[in-house]
Amino acid sequence: MKAKLMTRCLILTIAIIASFAFTTGAHATDFTGNNSNVSNISEGNFYDTSTNLYPNGRVTTGNFYNSSKNYGTVTTGIFNNTSYNLATASFRGTVGTATFNGGASIALSSYNLGDVTNGTFNAYSRNTANGAIRGNVGTGIFNDNSYNAADVTNGTFNEDSRNSGIVTTGTFTGYSYNASSGTVGTATFHDCSANEGTVTGTAKYMYADGGLITIGNGMYWGSGSAGSNVDQDDSAITQWVFTGDDPYAAGYNDGDLEGATFNGYSYHNMGVVTTATFNDDSYNWNEVVNATFNDNSFNAYDEWGIVTNATFNDNSYNAVGGEIENATFTGTNVNDGAITGTTTISAGATLSGTGTLGTLIQGSGTISSMDVVIGDGVMMSPGSSPGILTISDGTLTWEGGGTVVFQIYDTSLEAGTGWDLIRLTNGALLDITATSDDKFNIIFEGLSGLPDTLGQPLNFNPAQNYSWLFVDSSDGLISGFNLNKFNITYRGFTDLAGGGFTLEEGSIRTKFEIGASPVPEPATMVSILSGLAMMGFRRVRRLGKKR
């Protein structure tokens with residue numbers, strides 16, 4: 001009896017071991033070379049150019065390597081190297097859950113052209129298109145330089161990945177972006193991500209705070225468009241702020257914005273900003289309508305910074321190639337670029353550099369170490385209303401056709417408050433190169449009120465002689481003075497009682513003498529003033545410097 005029991009136990013043990021061995025010993029079917037699977041298998045490994053064929057190739061778990069491909073149906077698929085999920089006009093490879101592991105470059109990566117319910121794309125792998133045949137993914141996660149060029153219902157883009165296709169709902173994080181050819185229905189942008197394409201619905205920015213968007217190191221606002229831009233609380237974005245502490249990786253703007261502030265090495269790179277403030281070493285590389293430059297910020301170089309109206313404060317700088325229509329300078333600033341319209345040097349400001357200053361130069365500051373030419377079509381008007389414009393250690397040239405306007409407001413006051421003065425200091429030179437045949441224009445302008453109200457000056461008595469100092473050369477030089485080089489005229493005065501204006505040499509003084517024949521405002525001078533007032537400047541739009 002005991003022997004029979006032991007025998008039965010031994011048989012049962014052998015059966016269990018055999019069963020276990022059979023169960024655990026089952027392994028995947030390998031396909032190599034040009035072999036294909038045309039049946040229903042649990043697990044398959046596909047190597048070389050092997051294929052899971054449509055329509056009977058069915059694999060629960062499929063591993064694809066090298067240049068192998070899936071035409072059939074796979075429940076869970078892993079695509080490595082240059083393997084792919086394929087589609088043609090007549091059939092499509094179908095995968096429930098797919099992982100595309102990519103490679104060192106796009107040319108050496110796996111990809112999808114078929115149908116995937118849930119796909120993860122890594123390291124240069126891609127959901128792609130071939131003509132009308134487009135990879136279709138339900139939920140796609142794109143990592144590490146992978147990208148979508150086809151159709152995704154719900155896409156998450158991470159770590160330098162991008163969308164160039166069509167996504168219904170997209171989330172972008174970590175330097176990922178919606179590329180210029182990408183379209184997203186509703187998009188959410190985190191951290192360093194950006195939009196360069198089209199968002200047909202709402203673009204939400206999760207690094208927003210109460211309507212304030214802060215775009216920091218390595219981040220940028222793209223040139224794309226959105227149905228509406230909102231912050232994380234679904235509030236409309238009211239302010240864009242770009243910042244950074246690294247001159248090589250700061251935040252920057254590539255798009256069109258109504259208003260923006262740039263701080264700490266950040267910059268405006270492309271697009272057009274309506275109103276921009278540049279602070280703390282930030283700079284402009286493209287087009288701005290109204291710009292303020294503070295704290296060592298500057299307007300670009302190499303003909304890229306194009307600004308309509310600019311104010312420069314606190315050691316800011318218009319660099320070589322910077323093009324500005326109208327500029328106002330306060331503090332100590334440098335202009336090495338081109339100003340084509342009005343240049344205003346505010347009281348207390350100092351402007352130096354090698355650039356040009358436009359067709360109207362005015363203000364009560366200092367032009368230092370610059371050569372300024374008042375030639376044909378250019379007007380200088382010291383002060384803003386009466387004031388003193390100082391030329392220090394440079395050359396001011398009066399050429400034929402140029403114009404200076406000297407304003408007289410109150411004869412009881414002094415130069416700078418009662419009337420205009422140009423002061424030459426530190427050896428500055430006024431070089432009068434006009435000739436008797438090509439004269440320089442001097443206009444004496446009477447003001448009855450401030451600012452710039454034309455009329456009879458206060459405390460002016462036309463029955464009295466006057467001598468007003470208009471160019472002070474006590475610390476400078478005047479070369480080429482001759483009365484026959486000037487057209488002298490006036491405007492604003494309502495009663496001269498037979499008196500007239502002339503000049504006297506030395507530090508240039510204007511004399512008003514009773515009984516002298518007044519010089520009327522001739523038609524030629526009216527033409528000059530009208531031409532300067534109506535002069536327009538055609539702005540040449542250039543593409544911004546690309547990053």
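Residues numbered from 1 in each chain as written. Predicted model: local features only at pLDDT ≥ 70, side-chain atom pairs only at ≥ 80, totals over all residues. Heavy atoms only, no water.

Caption draft 1: View of the overall build of the chain. A tally of helices and strands in the chain yields 2 helices and 60 strands. Out of the 547 residues in the chain, the part that is buried amounts to 48%. Sequence-distant contacts in the chain: of pairs separated by 6 or more residues, those separated by 24 or more amount to 34%. Surface summary for the chain: the accessible area is close to 23,200 Å², and the carbon and sulfur share equals 51%. (Helix = DSSP H or I, 4+ residues; strand = E, 2+ residues; numbered from the N terminus. Buried < 20%, exposed > 50% of the residue type's maximum accessible area, 1.4 Å probe, protein only. Contact = heavy atoms within 4.5 Å. Areas by Shrake-Rupley, 256 points an atom, 1.4 Å probe, with all protein chains shown as cover.)

Caption draft 2: View of the side chain of His268. Tracing the chain through its elements places His268 in strand E31 (residues 267-268). One polar contact links His268 to Asn253, side chain to side chain, over a distance of 3.0 Å. At 3.2 Å, the side chain of His268 and the backbone oxygen of Met270 are in polar contact. Those residues within four positions of His268 in sequence are excluded, and the remaining contacts are Asn253, Gly255, Phe262, Val273, Phe278, Tyr283, Asn284, Trp285, Asn286, Glu287 and Val288. (Polar contact = N/O pair within 3.5 Å; in protein donor to acceptor, adjacent residues only side chain to side chain.)

Caption draft 3: Region of the structure containing the sheet that holds strand E51 (residues 421-425). Read from one edge of the open sheet, 12 strands run E26-E29-E31-E33-E35-E37-E39-E42-E45-E48-E51-E56, paired in parallel fashion. With partners counted over all chains shown, the strands left at the sheet margins are strand E26 (220-221) and strand E56 (471-472), one partner each. Two strands pair when backbone bridges link them, and strand E45 (residues 366-368) and strand E48 (residues 388-392) are joined in this way by 3 bridges, in the parallel orientation. From the neighbouring strand, Thr366 faces E48, where its bridge partner is Thr390. (Pairing = 2+ DSSP bridges.)

Caption draft 4: Geometry of the sheet that holds strand E60 (residues 509-513). Across the sheet, which stays open at both edges, the 3 strands sit in the order E55-E60-E59 with antiparallel pairing between neighbours. Both outer strands of the open sheet, strand E55 (466-469) and strand E59 (500-504), are each paired with one neighbouring strand and no more. The sheet shows a mean angle of 25° between the axes of neighbouring strands, direction not considered. Pairing geometry for E55 and E60, over 4 bridges, is antiparallel. Looking across to E60, one finds that Trp468 is bridged to Thr510. (Axes fitted to C-alpha atoms, helices over the stretch in contact; angles between N-to-C directions.)

Caption draft 5: Quick look at the pattern of salt bridges. Taken as a whole and assessed by the stated rule, the structure comprises 7 salt bridges. Put simply, Arg134 and Asp151 hold a salt bridge, and the shortest N to O gap is 3.1 Å. Separated by 17 residues along the polypeptide, Arg134 in strand E14 (residues 133-134) and Asp151 in strand E17 (residues 151-157) bring together distant segments of the chain. With a relative accessible area of 26%, Arg134 lands in the partly exposed category. Note that Lys204 is salt-bridged to Asp234, the shortest N-O span being 2.8 Å. A residue pair is termed long-range when its members are at least 10 positions apart, and Lys204 in strand E23 (residues 198-205) and Asp234 in the loop between strand E27 (225-231) and strand E28 (239-242) qualify at 30 residues. Residue classification places Asp234 among the exposed positions, given a relative accessible area of 52%. Members of the salt-bridge network, linked through shared partners, are Glu504, Lys511 and Glu513. (Salt bridge = Lys/Arg side-chain N within 4 Å of Asp/Glu carboxyl O.)

Caption draft 6: Structural context of the packing of aromatic side chains. On inspection of all chains with the given rule, the structure shows 47 aromatic pairs. Here the aromatic rings of Phe100 and Phe121 are separated by 4.7 Å at their centres, their planes lie at 5°, and the arrangement is stacked. A residue pair is termed long-range when its members are at least 10 positions apart, and Phe100 in strand E9 (residues 94-100) and Phe121 in strand E11 (residues 115-121) qualify at 21 residues. For Phe121, a relative accessible area of 0% puts it in the buried group. For the ring pair Phe406 and Phe470, a centre distance of 4.4 Å and an interplane angle of 45° mean the geometry is tilted. You can see Phe406 sitting in strand E50 (residues 403-408) and its partner Phe470 sitting in the loop between E55 and E56, a full 64 residues away along the chain. As far as burial versus exposure is concerned, Phe406 and Phe470 are alike and both buried. (Phe/Tyr/Trp six-rings, centres within 6.5 Å; stacked < 30°, edge-to-face > 60°.)

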